[in-house]
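Each chain, letter by letter, is given below.
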Amino acid sequence: MNAELICVGTELLLGSIVNTNAAYLAEKCAGLGLSCYYQTVVGDNEERLAQVLKTAMERSDVVILSGGLGPTEDDLTKETAAKVCGRQMYLHEPSKKAIEDFFAGRGMEPTNNNWKQAMAPEGALILENHNGTAPGIIMEEEAAKLILLPGPPNEICPMFEESVIPYLSALTSQVICSQTVKICGVGESSAETMVKDLIDGQTNPTIATYAKTGEVHIRVTANAGDRKTAGKLIKPMVKELKARFGNHIYSTEEDTTLEKSVVDLLLANKLTVTCAESCTGGLLSGRLVNVPGISEVYKAGVITYSNKAKRRLLGVKKGTLHKYGAVSEKTAEEMAKGAALLHKADVAAAVTGIAGPDGGTEEKPVGLVYIACYVKGKVTVKQYQFSGNRGKVRESAVSAALALMRSCILEYYSKVTFGKKE
């Protein structure tokens, strides 16, 4: 079976909010074995919504709509879907009672337009909303099954888990499972070249590469009658990818980020860490501090944007800055050593570069970044040339710094794999 997603809301078209619902729903549908070939965003306009809905019903088995179930006049999803399907609206008393209880529990009185949310198309299956006032709706038509869900993520996600997944699970005998192999230190083109033979010969499972900032993700996807069988199909492919990419793979877990993999290594080896940042201005420390448990190992961080600060706080030599400049291999090295000495840390990362848009020269163009990593006395420095605007250069530098930190720690502890001693 195939599913189609329609996200309703003029605010989505204007870019006022990010459409996270589409990504969430697409991932859930894939996991349920529903192929998703089309996604549409349409504004709060009855005529255009009706046209989009009719088209979706002609080509898809399941049509999932999100948004437009609120109490205001421009919330038209439910009414438009009922009109397209030729169904009359009626007052659904249990929904009315739920709305009354929702407001009473907050010491508030519902306004008259809230009762609009208690209206439902005749013959529809009503889905309770335990986190808001707009119930979900399922209408089973001969052409397709329509599922109407509220727009707010804190409402649509629990409703989908509680009510829609059980409903959709009964419609298909297939499941689609995926596992992501996360790689750092290898560019997208190189990674794709390394797996081209697997891509050319793929059947079930399939693999696909996705470029992230400073990373490459390879998603392995299998289709089977149940999750266990799909998992067995995925396992050999993941094993082959591990053999090809080795320690460049930092995780195969969906919720593990690059910074978490670095923190896991630090924790596993009881290493303290510090950061010295110039062009990244604290972004590297921010990524590390996002990881729970970092307080066990993170000592401090310094932002030394000026040459004076590099000299005063990190002990970068005046002669180094004069001869090589602030953006240089030698300065990055002295920054890392100085940070480690200053905070008595086992590991130190230092970043200095030209983020732009100004400040570049023919010899040192915008995007030039030097990153140094100190691990128990040994310093490794790498030169990078990033492209993009100021924000992209800084973001790329942070990802590269995390990858370098991980690589240097692994090199120091050669028997460490995925943050655990063999």
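Criteria and cut-off values
- Along each chain, the written sequence defines residue order, and numbers are assigned to residues from 1.
- The model is predicted, so local features are restricted to residues of pLDDT at least 70 and side-chain atom pairs to those at 80 or more, both for listing and for counting; the totals for chains, interfaces and linings are taken over all residues.
- Hydrogens are left out, water is left out, and the side-chain values use all remaining heavy atoms of the structure.
- Salt bridges, as used here, are contacts in which a Lys or Arg side-chain nitrogen is within 4 Å of a carboxyl oxygen on Asp or Glu.
- Secondary structure elements are defined from DSSP: runs of H or I of at least 4 residues count as helices, runs of E of at least 2 residues count as strands, and each element is numbered from the N terminus.
- Every definition here rests on a 1 Å grid over the protein atoms only: cavities are sets of points where a 1.4 Å probe fits but cannot get out, pockets are open sets enclosed by protein on both sides within 12 Å along at least five of seven lines, and lining residues have some atom within 4 Å of a point.
- Grid points are joined across faces, edges and corners, and a volume is the space filled by probe spheres set on the points.
- Any residue that is not Ala, Val, Leu, Ile, Met, Phe, Trp, Tyr, Cys, Pro, Asp, Glu, Lys or Arg is counted as polar, Gly included; the first ten are nonpolar and the last four charged.
- For Phe, Tyr and Trp, rings pair up if their centres lie within 6.5 Å, where Trp contributes its six-membered ring, and each pair is then called stacked (planes under 30 degrees apart), edge-to-face (over 60) or tilted (otherwise).
- Only protein chains enter the accessibility calculation, which uses a 1.4 Å probe; a residue is then buried when its area is under 20% of its type maximum, exposed when over 50%, and partly exposed in between.
- By definition, being over a ring means that NZ of Lys or CZ of Arg is both within 6 Å of the ring centre and within 35 degrees of the ring normal.
- Note on method: axes are straight lines fitted to C-alpha atoms, helices fitted across the in-contact stretch only, with angles between N-to-C directions ranging 0 to 180 degrees.
- The scheme is simple: roughly parallel for angles under 35 degrees, roughly antiparallel for over 145, roughly perpendicular for 65 to 115, oblique for anything else.
- Here a residue-residue contact requires only that any non-hydrogen atoms of the pair lie within 4.5 Å.
- If you view the pair so one helix is near and one far, a crossing is left-handed when the near helix is turned anticlockwise from the far one by less than a right angle, and right-handed when it is turned clockwise.
- Here the expected span of a helix is defined as 1.5 Å times the quantity of residues minus one.

> When you look at the pattern of salt bridges in this model, what are you seeing that I'm missing?
Side chains carrying opposite charge are able to pair once their charged atoms draw close together. Enumeration over the complete set of coordinates arrives at 16 salt bridges. With its nearest N and O atoms 3.4 Å apart, the salt bridge here joins Glu79 to Lys116. Here the residue Glu79 occupies a position in helix α4 (residues 77–84), and Lys116 occupies one in the loop between α5 (93–104) and β5 (119–121), the gap between them amounting to 37 residues. Within the structure, one salt-bridge network assembled from shared partners comprises Asp197, Glu240 and Arg244.

> Quick question: what am I supposed to make of the layout of surface pockets here?
Reported here for the largest pocket is a volume of approximately 510 Å³. Lining the largest pocket we find 21 residues, and of these Cys184, Gly185, Gly214, Ala400 and Ala403 sit closest to its centre. Contributions of two or more residues to the lining of the largest pocket are made by β17 (378–385) and α15 (390–412). Residues of the lining of the largest pocket, tallied by class, amount to seven nonpolar, ten polar and four charged. Computed from the structure, the second largest pocket encloses a volume of approximately 410 Å³. If you go around the second largest pocket, you meet 13 residues; those closest to its centre are Glu27, Gly31, Ile176, Ser178 and Arg219. Taken together, the elements giving at least two residues each to the lining of the second largest pocket come down to α2 (20–31), β9 (175–184) and β11 (215–224). When its residues are assigned to classes, the lining of the second largest pocket shows five nonpolar, three polar and five charged.

> It is not clear to me how the packing of aromatic side chains should be interpreted in this structure. Could you clarify?
Under the counting rule described, the total for this entry stands at four aromatic pairs. Ring centres 5.9 Å apart and planes at 80 degrees place the aromatic pair Tyr24 and Phe160 in the edge-to-face group. Of this pair, Tyr24 sits in helix α2 while Phe160 sits in helix α6 (residues 153–169), placing them 136 residues apart in sequence. Side by side, Tyr24 and Phe160 carry an identical accessibility label, which is buried. A centroid spacing of 5.7 Å and a plane angle of 80 degrees characterise the contact between Phe102 and Phe103, whose relative ring orientation is edge-to-face. Overall, the relative accessible area of 10% leaves Phe103 in the buried class. Positioned over the ring face of Tyr38 is Arg59, at 3.6 Å from the centre of the ring. Over the ring of Phe102 we find Arg106; its NZ or CZ atom is 3.7 Å from the centre of that ring.

> Help me out: how do you make sense of the packing of α2 against α6 in this one?
In a packed pair of helices, the relevant descriptors are the angle between the two axes and the axis-to-axis distance. In contact at an axis separation of 11 Å, α2 and α6 are set at 10 degrees when each is read in the N-to-C sense. As far as their axial angle goes, α6 and α2 are roughly parallel. For the pair formed by α2 and α6, the contact residues are Thr20, Asn21, Tyr24, Leu25 and Lys28 on the first element and Pro153, Ile156, Cys157, Phe160 and Glu161 on the second.

> Teacher, can you tell me more about the packing of helix α10 (residues 258–268) against α15 here?
As a packed pair, α10 and α15 sit with axes 9 Å apart at the nearest point and diverge in direction by 30 degrees. In terms of their interaxial angle, α10 and α15 are classed as roughly parallel. Crossing hand, α10 versus α15: left-handed. Here Leu258, Glu259, Ser261, Val262, Leu265 and Leu266 of α10 lie close against α15, whose contacting residues are Ser399, Leu402, Ala403, Met405, Arg406, Ile409 and Leu410. For the contact of α10 with α15, a count of residues per class yields nine nonpolar, two polar and two charged.

> Sorry if this is basic, but what is going on with helix α14 (residues 329–343) here?
Note on helix geometry: an α-helix contains 3.6 residues per turn, so any two residues three or four positions apart are oriented the same way. Spanning 15 residues, α14 covers 22 Å between terminal C-alpha atoms, matching the ideal 21 Å at 1.5 Å per step. If you check which residues of α14 are buried, you get Thr331, Ala332, Glu333, Glu334, Met335, Ala336, Gly338, Ala339, Ala340 and His343. Positioned one or two residues after α14, Lys344 has a phi angle of 50 degrees, which is positive.

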